[in-house]
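Listed here are the chains, written in short residue letters.
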Amino acid sequence: EVQLQQSGPEVGRPGSSVKISCKASGYTFTDYVMNWVKQSPGQGLEWIGWIDPEYGSTDYAEKFKKKATLTADTSSSTAYIQLSSLTSEDTATYFCARWAYSSPYFDYWGQGVMVTVSS
Amino acid sequence: DVVLTQTPVSLSVTLGDQASISCRSSQSLEYSDGYTYLEWYLQKPGQSPQLLIYGVSNRFSGVPDRFIGSGSGTDFTLKISRVEPEDLGVYYCFQATHDPFTFGSGTKLEIK
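Residues numbered from 1 in each chain as written. Chains lettered and ligands numbered in written order. Predicted model: local features only at pLDDT ≥ 70, side-chain atom pairs only at ≥ 80, totals over all residues. Heavy atoms only, no water.

Enquirer: Just checking my understanding: could you explain the overall build of chain B for this structure?
Expert: The secondary structure content of chain B amounts to 0 helices and 11 strands. Scanning chain B from its N terminus toward the C terminus, one meets helices and strands in the order β-β-β-β-β-β-β-β-β-β-β. Over its C-alpha atoms chain B spans a radius of gyration of 13 Å, differing by no more than 12% from the 13 Å that the globule rule assigns to 112 residues. With respect to the three principal axes, the spread of C-alpha positions in chain B is 40 × 25 × 25 Å. Evaluated residue by residue, chain B yields a buried proportion of 47% over its 112 residues. Long-range contacts, defined here as pairs at least 24 residues apart, represent 53% of the contacts in chain B between residues at least 6 apart. Just so you have it, chain B exposes about 5100 Å², and 47% of that area is on carbon and sulfur atoms. Between the averaged position of the 8 positive side-chain charges in chain B and that of its 12 negative side-chain charges there is a distance of 9 Å. (Helix = DSSP H or I, 4+ residues; strand = E, 2+ residues; numbered from the N terminus. Rg over C-alpha atoms; globule rule 2.2 N^0.38 Å. Buried < 20%, exposed > 50% of the residue type's maximum accessible area, 1.4 Å probe, protein only. Contact = heavy atoms within 4.5 Å. Areas by Shrake-Rupley, 256 points an atom, 1.4 Å probe, with all protein chains shown as cover. Lys, Arg positive; Asp, Glu negative; His and termini not counted. Charge placed at Lys NZ, Arg CZ, Asp CG, Glu CD.)

Enquirer: For this particular structure, what's the right way to read the sheet that holds strand S3 (residues 19–25) of chain B?
Expert: Strand-to-strand pairing in sheets goes through backbone hydrogen bonds, with the strands running parallel or antiparallel. Residues and elements named next belong to chain B. Pairing within the open sheet is antiparallel, and its 4 strands lie in the order S1-S3-S8-S7. Of all strands in the sheet, those bounded by a partner on one side alone are strand S1 (4–7) and strand S7 (67–72). For this sheet, the mean inter-axis angle between neighbouring strands, taken without regard to orientation, is 15 degrees. Bridge analysis of S3 against strand S8 (residues 75–80) gives 6 bridges, and the strand direction is antiparallel. In the sheet register, Ser20 faces S8, and the bridge partner there is Lys79. (Pairing = 2+ DSSP bridges. Axes fitted to C-alpha atoms, helices over the stretch in contact; angles between N-to-C directions.)

Enquirer: How should the interface of chain A and chain B be read in this particular structure?
Expert: It is common to give the size of an interface as the accessible area lost on bringing the parts into contact. Contact residues are listed per partner, giving 21 residues for chain A and 17 residues for chain B. Buried surface at the junction of chain A and chain B, summed over both partners, amounts to about 1500 Å²; 68% is from carbon and sulfur atoms. Looking at the side of chain A facing chain B, the largest losses of area belong to Leu45(A), Trp47(A) and Tyr105(A), adding up to 37% of the total buried there. Across the contact surface, chain A and chain B share 0 salt bridges. Our enumeration of links across chain A and chain B arrives at 3 residue pairs in polar contact (both at pLDDT 80 or more). Within the residue set of the side of chain A that touches chain B, elements represented by two or more residues are strand S4 (33–39), strand S5 (45–52) and strand S9 (92–99) of chain A. The leading source of residues in the side of chain A that touches chain B is S5(A), at 4 residues. Class assignment for the residues of the side of chain A that touches chain B results in 11 nonpolar, 7 polar and 3 charged. (Buried area = accessible area lost by both parts, 1.4 Å probe. Salt bridge = Lys/Arg side-chain N within 4 Å of Asp/Glu carboxyl O. Polar contact = N/O pair within 3.5 Å; in protein donor to acceptor, adjacent residues only side chain to side chain. Nonpolar A, V, L, I, M, F, W, Y, C, P; charged D, E, K, R; others polar.)

In structure tokens form, the structure reads like this:
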């Protein structure tokens, strides 16, 4: 059974960083690209970017290039997103979702991680 | 960036009736390989989004045939026939033809 298990809720101080994980199971981790999506409270979905765990290549939406860093650890089948220089605008739920070049859609999603930026 | 404009913003439908959601793109979503990377997702309250339709009109595994996607170029539609209680939530169109990928702003489906 395919699962994307994300880490627990995070609270970060303004100006600090947080790192969220997304552990994949039930499939070959390197066969799929991992995407990340942001959802601010009561708002819609925003695509952040993706990482190809096989090659380590990444792509980001322009507005997240200085905010988010995507990495992946193939030994543990885990993808990560680090959010830096936190501001109140980063308070949101962050989802991971997998995507295959041969099946170009998000067929499995993580449960989402709530990040709260608060002093 | 490609802007996906969804209408209506919200929709109140009687059980058993049809619902229709439009997604209009600021650019054609047909890729150079001929494929159109237009998808529809439903986010039920308190849940992660779930895939309904990919490639404009292909239902994902397990999605009832009440969900019908159509369209081409810049204009796309999701029709839900015979709306059921479990259909409530927010529907998003999404494009992956152009970088960066983008979501529509969402359509909230409520049951009357």
